[in-house]
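Residue strings, one per chain:
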Number of protein chains: 4
Amino acid sequence: MNFASDNSTIVAPEILDAVAGVNSGFALAYGNDDLTRTLERRMSEMFEREVATFLVATGTAANALAIAHCCQPWSAVLCHEASHLITDEAGAPEFFGGGVKLIGMPGENGKFTPETLIDMIGRGRGVPHSVIPAVVSLSQSTEFGTVYRNEEVRALAEAAHARGLAVHMDGARLANAVAHNNGSLADATWKAGVDVLSFGATKCGALAAEAVIFFDPPRAAGMASRRKRGGQLFSKHRFFAAQFLAWFESDLWLRLARHANNAASKLADGLRAAGLPPVWTVEANEVFVQLPAAADARLRAAGAAYVSWPQEFLPHGTVALPQHKLIRLVTSFATSDADIEKFVMLARGT
Amino acid sequence: MNFASDNSTIVAPEILDAVAGVNSGFALAYGNDDLTRTLERRMSEMFEREVATFLVATGTAANALAIAHCCQPWSAVLCHEASHLITDEAGAPEFFGGGVKLIGMPGENGKFTPETLIDMIGRGRGVPHSVIPAVVSLSQSTEFGTVYRNEEVRALAEAAHARGLAVHMDGARLANAVAHNNGSLADATWKAGVDVLSFGATKCGALAAEAVIFFDPPRAAGMASRRKRGGQLFSKHRFFAAQFLAWFESDLWLRLARHANNAASKLADGLRAAGLPPVWTVEANEVFVQLPAAADARLRAAGAAYVSWPQEFLPHGTVALPQHKLIRLVTSFATSDADIEKFVMLARGT
Amino acid sequence: MNFASDNSTIVAPEILDAVAGVNSGFALAYGNDDLTRTLERRMSEMFEREVATFLVATGTAANALAIAHCCQPWSAVLCHEASHLITDEAGAPEFFGGGVKLIGMPGENGKFTPETLIDMIGRGRGVPHSVIPAVVSLSQSTEFGTVYRNEEVRALAEAAHARGLAVHMDGARLANAVAHNNGSLADATWKAGVDVLSFGATKCGALAAEAVIFFDPPRAAGMASRRKRGGQLFSKHRFFAAQFLAWFESDLWLRLARHANNAASKLADGLRAAGLPPVWTVEANEVFVQLPAAADARLRAAGAAYVSWPQEFLPHGTVALPQHKLIRLVTSFATSDADIEKFVMLARGT
Amino acid sequence: MNFASDNSTIVAPEILDAVAGVNSGFALAYGNDDLTRTLERRMSEMFEREVATFLVATGTAANALAIAHCCQPWSAVLCHEASHLITDEAGAPEFFGGGVKLIGMPGENGKFTPETLIDMIGRGRGVPHSVIPAVVSLSQSTEFGTVYRNEEVRALAEAAHARGLAVHMDGARLANAVAHNNGSLADATWKAGVDVLSFGATKCGALAAEAVIFFDPPRAAGMASRRKRGGQLFSKHRFFAAQFLAWFESDLWLRLARHANNAASKLADGLRAAGLPPVWTVEANEVFVQLPAAADARLRAAGAAYVSWPQEFLPHGTVALPQHKLIRLVTSFATSDADIEKFVMLARGT
């Protein structure tokens, strides 16, 4: 019963097979190989426009490099106050960005609104005393398992662009969001106004496949140097290109994401029926509930894995129940019905 | 009628005289001169213990260098959400600190409490995902013209020290706070638990005299290099040492600060009598009021100088009055009774 | 005929098998898994003492993080003027180190001597004007395919330690050096005075397996945060631990390195017999020769891959031959006798 | 007998008078005052074109900020291997530039040639492995007291511009160079191809007056933020603007520089006559000689101040004399004939 995270699962067999499948012959290092060229073309096809693709080692690196590339060191990055960027990257964006400042914004369901964004952009004492908002970053799907509709993204992007800000999307779970919204990758990103994307396949089946995607390739000028000196240019690059290629093949990415999302829906349904309604609407592959202490003890004893979540993030109007803890449950392409049923049964206690 | 800031005033004549007074003969550059040695001893006397003193060019530099010196790049600095550090330094602490993260805390009257501090230290996902709180920084006097009592500082320092954090004080207006609290510089700083101080004389009469003071000199190891590569080591150093020496002479610093504080009290009294009560208690040399639009127009027309303040900082329970703006009035050693009276009269409108 | 680099080869099948072999079940992300624990113990066994191990994505990252961790931002790093650190990392050490300065030293055969090191440490104007030497970094094997004898490393380390510097080894090709020197990993590193090691398996058979090794574990304090914010903490960490474990299994690392070194010897012998003597003694897996233009054309036409090397690095006393270019040939565990013979034949031209 | 440096002298009385002369009335802080506006116009007049002017605290800051502003973090800065930038700034350019790399070039008389520059630009492994040359920086006058003729600057600038590099001039002693070359400030800078100038008045009479000058103002975009977060924006800005204004008044700057240069000439003549010929041609205000140990002892005993210089910088073909040390003697506007005569007499020993 692993609900700890979608990155504590295995690699999708198709992807590992693809890695083994390219393990023959000579290939120039550092991305100067044919397979990387193939991936670059494939990525452009997937996004229905020419894009500039930079593979990197981790989602943290993708986010930090993408943001640094859209900033001056005195820039501000506006994002949700609960975003991974702020809470879980150990200051990577500040480091890669030469000391940029992240400014957290409140917002229901892990999303913020154009109104909040516009208000925040308007604050500050002006140049040179205040940092200058340069980027808005949104997580899709969000930290709370919700999903921005594409129109919501577009409204944020319009507010940002009108004020000179670039739009970054932290797409560590973009596949799950696209599976939920039922549109294309293009709809979810540049057609909705996204300028730069951290595109993650690792949480959705890959071994280690993360990319920074620039939808306006000239904007990527200098990024090759930035990636290299960030220690993010793999030498045996073909084995990372191969992962993304396999992920795209026959819509594997979408099938894996749908499995994860469906698993979350089933889990939420089961828990709701057991009297444990999700704290936030379950749209992608995460379920948050307030779990009674007794259920927690039973589940832990049975080997269930999941993480606690800070109660400070509970929505306005939701009471922190006594003797409960807020927990996060993440499903993946590898989550089985049996695990869901077992978890629900133990949570219910009967 | 200059109430724009205490750094838009002149230099105290005693200080300028002292600068001229040392303008003869040869003196080794970069602080290797006798006068700098004299100041270092004098600084230790003023603080009643041996301290390490580093003169720098600006308050921004003092804050940023002091904080960087107490941090690793992955550290967090906890401070009031309205602190100068967060709102007015254009990201200098992040830059000098290699990408440290500033975390703002709420708190009435520009102060935060030990409870808030302890709560904030306890947040986060743990190492290595979260930045690590390493410094708490408090402004004395505060951004809202209030003053921490020395016991309040001590309580914060105890909470910080018990959790391994260093205590930094932004003392751009420390003289005003000491004048209000009526204790010594030692009482206000290391006796209350302060480890590192940004000590500013510029706002209180000097031309450009700011210092970073370490109360535990071994903690300053490496600071000479940090200051130099920060572009903060003046070559003709004696002229900056001379300013602090003159400021300390015959309690000039205290006399200047008292004048400024008294001017603020008078101004506040006058405005209160005119139906414009201060938004925060006036303890140092700043007065904040909600000014009617008509009074604002009259004052501006008469050449009064002052700045608007973001209404978002209004205390809980204080209503933003319609057709009013929140303004900040700063007094200085050079503020005259005539200017105060004229300002009050124009504000009152009769 | 791939002699371009040892990172343009395939992955050793044993290593890819090991990656596939751990692809089942749940494993906590970010290195909190059992396999990573196993690797940490195994690494200590291999080095015959307790070490602190940090896996990272690339050799650039290993070097930059290791060096940053031994430096203050105002430190200097002394290394060979032809070192990878200076010429090929796009400034990564400067970036990760917050602006440290690399100082190149001359030296025959890609090595520098204690005398040169001591002379360089003694230069400079002193604090705070000069940066402060804090680390000496040496590449083992060197950029020119030579190998420091363990006693040579020890002499350098003694000179460094006596002056307060830490010793870093760039071991991207350490396996090849150990294979040549015929000692143990312990002999090659901490027993010879190395404090911190960039330990690379990628060039010697792995997919992407690089580690920073601290021989004095307390020195690694803070490294977990530094790695995370450097974007270098893999989420699916087990698949990277598995590579090192397989590499150590049954001395695979040594067998792969020996194959590569032997291939280089054969290649050098063949070229010498063809009138193309190696520019530097061939000790590890690299051969440098001055290649006539006609041979270059023949080889390129036949699909041979190799890189040109700057003639400025030719040893004192070696004349740059007209109509020749200096080339580097790198062998690997995958280099075949057939390729060597074919290359030599084409180089000879008959 | 102060020949230690031109920054160990007093402030020119005219400049201190000017500082006192503006010490009345209210002036907005942070450069938003009328006097700063006046200086900006005056600076444009002095350079005979519209320039963007940024006052800063030190020459180190001017250099580091100017260079950072023309660089990406992965840029290389090419400069003389003996330049102040490399040897005396404690890594400030690396810090402000986010980890840029300084590359030293050899060259006779403290100058480098276009040939050397072009050769150095052409080195490296290419993107993304090597840093990318972005700036050439030259010191005028040089670290060895020599002066580039304006045509020499122009030739370097043409070589740089043709290859996409910007040209920075470290003008800590530009006044001395202009005094020697007998042209205008415009001739010495932008007319010779300089893009950005660190313009120092401190060594030539001011208290603390250093500026970054952009000859193409749009290039300065963002510099206000960069300066502020660098801790380099003085609050009581008028007192720094006043120094430059006084320095320009009635050609004071040129008169002070000529005095210093003439003093150096006299000193060199005297020493040459005493059998101590200057090591480098004396063109500005510095004289280097190899001083016998006995003379050194006599001079030190008599209180003469001067610094030793590393013998490694001796020109090719100049033998380091046994029992001698290489010393640097710097003259200033305050150097008296009496001091020169006394120094020569003591050096001669009779």
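Everything numeric in this text was worked out from a predicted model, so none of it was measured.

Colleague: So what exactly am I meant to see when it comes to the overall build of chain A here?
Modeller: Secondary structure summary: chain A contains 14 helices and ten strands in total. Relative to the 2.2 N^0.38 estimate, which gives 20 Å for 350 residues, the radius of gyration of chain A is 20 Å and therefore close to what a compact globule would have. Principal-axis analysis of the C-alpha atoms places the extent of chain A at approximately 60 × 60 × 30 Å. Considering chain A as a whole, with its 350 residues, one finds that 65% of them fall into the buried category. Contacts in chain A between residues far apart in sequence, at least 24 positions, make up 76% of those at least 6 positions apart. For chain A, the accessible area works out to roughly 11,300 Å², and carbon and sulfur atoms hold 52% of it.

Colleague: Is there a simple way to explain the relation of the copies chain A and chain C in this structure?
Modeller: In this arrangement, two copies of a chain are superimposed by a rotation about an axis accompanied by a shift along the axis. For these two chains of identical sequence, chain A goes onto chain C by a turn of 180 degrees and a shift of 0.0 Å along the axis, with RMSD 0.0 Å. Taken together, the rotation angle and the small translation identify this as a two-fold axis. Ranked by how close their C-alpha atoms come to the rotation axis, the residues of chain A are headed by Ala 57 of chain A, at 3.1 Å. Looking at chain A, 100% of its interface residues are interface residues in chain C too, so the copies touch through the same face.

Colleague: It is not clear to me how the pattern of salt bridges should be interpreted in this structure. Could you clarify?
Modeller: On inspection of all chains with the given rule, the structure shows 72 salt bridges over all chains. Measuring nitrogen to oxygen at the nearest pair gives 3.5 Å for the salt bridge that ties Glu 152 of chain A to Arg 149 of chain A. Close ionic contact of Arg 125 of chain D with Asp 88 of chain C constitutes a salt bridge, the shortest N to O distance being 2.9 Å. Here the residue Arg 125 of chain D occupies a position in the loop between α6 (114–122) and β4 (132–139), and Asp 88 of chain C occupies one in the loop between α4 (84–87) and α5 (92–96), the pair thus bridging two chains. Residue classification places Arg 125 of chain D among the partly exposed positions, given a relative accessible area of 25%. Taken together, the salt bridges that share partners define one network made up of Asp 6, Arg 173, Glu 286 and Arg 328 of chain A.

Colleague: Hey, could you run me through the domain arrangement of chain A in this one?
Modeller: Interfaces are often sized by the amount of accessible area the parts lose when they come together. Residue and element names in this part refer to chain A. On domain assignment, one finds that chain A holds domain 1 (13–251) and domain 2 (253–348). Averaged C-alpha coordinates put domain 1 and domain 2 at centres separated by 27 Å. Contact residues are listed per partner, giving 28 residues for domain 1 and 23 residues for domain 2. Overall, the association of domain 1 and domain 2 removes approximately 2,200 Å² of surface from exposure, summing both partners, and the carbon and sulfur fraction of that is 56%. Between domain 1 and domain 2 we count one salt bridge in total. Measuring nitrogen to oxygen at the nearest pair gives 3.7 Å for the salt bridge that ties Arg 173 to Glu 286. Taken together, domain 1 and domain 2 are joined by eleven residue pairs in polar contact (both at pLDDT 80 or more). Among the elements that line the side of domain 1 that touches domain 2, the one with the most residues is helix α8 (residues 174–181), at five residues.

Colleague: Please explain unusual backbone geometry as it appears in this structure.
Modeller: Excluding glycine, most residues fall at negative phi; most peptide bonds, likewise, are trans. Each neighbour pair has its own omega, and for Val 127 of chain B with Pro 128 of chain B the value is 0 degrees, a cis peptide bond. Summarising the element assignment, Pro 128 of chain B is placed in the loop between α6 (114–121) and β4 (132–139). A cis amide bond, omega -5 degrees, links Gln 140 of chain B with the succeeding residue Ser 141 of chain B. With respect to the helices and strands, Ser 141 of chain B occurs in the loop between β4 and α7 (150–162). Positive phi, normally seen in glycine, also occurs at Gln 323 of chain A, with a value near 60 degrees. Tracing the backbone through its elements, the reader meets Gln 323 of chain A in the loop between β9 (307–308) and β10 (324–330).

Colleague: How should I be thinking about the pairing of strand β1 (residues 52–56) of chain D in this particular structure?
Modeller: Residues and elements named next belong to chain D. Most of β1 sits out of view: five of its five residues are buried. Burial of β1 is two-sided: the residues Ala 52, Phe 54 and Val 56 facing one way and the residues Thr 53 and Leu 55 facing the other way are all buried. In the sheet, β1 pairs with strand β7 (residues 210–214) via five bridges, with the strands oriented antiparallel. By the bridge assignment for β7, Leu 55 is matched with Ala 211.

Colleague: For this particular structure, what's the right way to read the packing of helix α11 (residues 238–248) of chain A against helix α12 (residues 252–273) of chain A?
Modeller: Think of two packed helices as two axes; the pair is described by the angle between the axes and how far apart they sit. Residues and elements named next belong to chain A. The contact between α11 and α12 brings their axes to 5 Å, and the two run at 75 degrees. Regarding the angle of α11 to α12, the classification is roughly perpendicular. Residues Ala 246, Trp 247 and Phe 248 of α11 touch α12, and the partners they reach there are Leu 252, Trp 253 and Leu 256. For the contact of α11 with α12, the residue count by class is six nonpolar, no polar and no charged.

Colleague: Help me out: how do you make sense of the packing of aromatic side chains in this one?
Modeller: Here a ring pair, both rings aromatic, is described through the centre-centre distance and the interplanar angle of the planes. All chains considered together, the criterion is met by 88 aromatic pairs over all chains. Taken together, a centroid distance of 4.0 Å and an interplanar angle of 10 degrees make the contact between Phe 144 of chain C and Trp 280 of chain C stacked. You can see Phe 144 of chain C sitting in the loop between β4 (132–139) and α7 (150–162) and its partner Trp 280 of chain C sitting in the loop between α12 (252–273) and β8 (286–292), a full 136 residues away along the chain. For Phe 144 of chain C, a relative accessible area of 3% gives the class buried. Considering the side-chain rings of Phe 244 of chain D and Trp 247 of chain D, the 5.9 Å spacing of their centres and the 75 degrees angle between planes classify their relative orientation as edge-to-face. Of this pair, Phe 244 of chain D and Trp 247 of chain D both sit in helix α11 (residues 238–248), separated by three residues, roughly a single helical turn. Both residues of the pair, Phe 244 of chain D and Trp 247 of chain D, count as buried. When the ring centre of Trp 309 of chain D is taken as reference, the NZ or CZ atom of Arg 125 of chain C above it lies at 4.0 Å.

Colleague: Would you take a moment to explain α12 of chain A for this structure?
Modeller: Turn by turn, an α-helix covers 3.6 residues, leaving residues three or four places apart pointing in a common direction. When the terminal C-alpha atoms of α12 of chain A are compared, their 32 Å separation across 22 residues agrees well with the 32 Å that a helix rising 1.5 Å per residue should span. Count one or two residues on from α12 of chain A and you reach Gly 275 of chain A, which has phi positive near 85 degrees.

Colleague: Explain the environment of Thr 36 of chain C here, please?
Modeller: Residue and element names in this part refer to chain C. Its place among the elements puts Thr 36 in helix α2 (residues 34–47). In the structure, Thr 36 is positioned 270 residues away from Tyr 306 in sequence and 36 Å away in space, judged by C-alpha atoms. Setting aside residues up to four positions removed in sequence, Thr 36 forms contacts with Gly 31, His 237, Arg 238 and Ala 241. Only 2.7 Å separates the side chain of Thr 36 from the side chain of Asp 33, close enough to count as a polar contact.

Colleague: Would you explain the interface of chain A and chain C in this entry?
Modeller: Counting residues at the interface gives 50 residues for chain A and 50 residues for chain C. Carbon and sulfur atoms supply 61% of the area buried between chain A and chain C, which totals about 3,800 Å² over both sides. Per-residue buried area on chain A facing chain C is highest for Phe 95, Arg 229 and Lys 236 of chain A; these three make up 20% of the total on that side. Across the chain A-chain C interface, the total number found is zero salt bridges. At the boundary of chain A with chain C, the tally comes to 24 residue pairs in polar contact (both at pLDDT 80 or more). Listing elements by their share of the side of chain A that touches chain C, those giving two or more residues are α1 (13–21), α3 (59–69), α5 (92–96), α10 (223–229) and α11 of chain A. Looking at the side of chain A that touches chain C, its residues break down into 25 nonpolar, 17 polar and eight charged.

Cut-off values and rules
- Per chain, residues are indexed from 1 in the order of the written sequence.
- In the order they appear in the text, chains get letters beginning with A and ligands get numbers beginning with 1.
- At least 70 in pLDDT is required for a residue's local features to be given in this predicted model, at least 80 for side-chain atom pairs to be given and counted, and no such filter applies to totals for whole chains, interfaces and linings, which use all residues.
- Only heavy atoms go into the side-chain values, all of them from the structure, while hydrogens and water stay out.
- Note on conventions: DSSP H or I runs of at least 4 residues are helices, E runs of at least 2 residues are strands, and numbering of each starts at the N terminus.
- The quantity called the radius of gyration is restricted to C-alpha atoms. Its globule counterpart is 2.2 Å times the number of residues to the power 0.38.
- Exposure is judged per residue with a 1.4 Å probe applied to protein chains only, and the accessible area is read against the type maximum: over 50% gives exposed, under 20% gives buried, and values in between give partly exposed.
- A contact between two residues is defined here by any heavy atoms of the two lying within 4.5 Å.
- In short, Shrake-Rupley with a 1.4 Å probe defines the accessible areas, and a residue's cover is counted only from the protein chains shown.
- C-alpha atoms of residues with pLDDT of at least 70 in both copies form the basis for the least-squares superposition of the copies.
- Salt bridges are defined as contacts in which a side-chain nitrogen from Lys or Arg sits within 4 Å of a carboxyl oxygen from Asp or Glu.
- Reported domain spans reflect what an automatic or database domain assignment gives.
- Reported buried area values correspond to the accessible surface (1.4 Å probe) lost by two parts on association, with both partners' losses combined.
- Nitrogen and oxygen atoms within 3.5 Å of one another constitute a polar contact, given that in protein one can donate a hydrogen and the other can accept it, and given that sequence-neighbouring residues count only through two side-chain atoms.
- DSSP calls a pair of strands paired once it identifies at least 2 bridges connecting them.
- Comment: axis = line fitted to C-alpha atoms, over the contacting stretch for helices; angle = value between 0 and 180 degrees taken between N-to-C directions.
- Each angle gets one of four labels, with under 35 degrees taken as roughly parallel, over 145 as roughly antiparallel, 65 to 115 as roughly perpendicular, and the rest as oblique.
- Residue polarity follows a fixed list, in which Ala, Val, Leu, Ile, Met, Phe, Trp, Tyr, Cys and Pro are nonpolar, Asp, Glu, Lys and Arg are charged, and the others, Gly among them, are polar.
- What counts as a ring pair is set by centres within 6.5 Å for rings of Phe, Tyr and Trp (its six-membered ring), and what kind of pair is set by the plane angle: stacked under 30 degrees, edge-to-face over 60, tilted for all other angles.
- Distance and angle both matter: a charge sits over a ring if NZ of Lys or CZ of Arg is within 6 Å of the ring centre and within 35 degrees of the ring normal.
- Each residue after the first adds 1.5 Å to the expected span of a helix.

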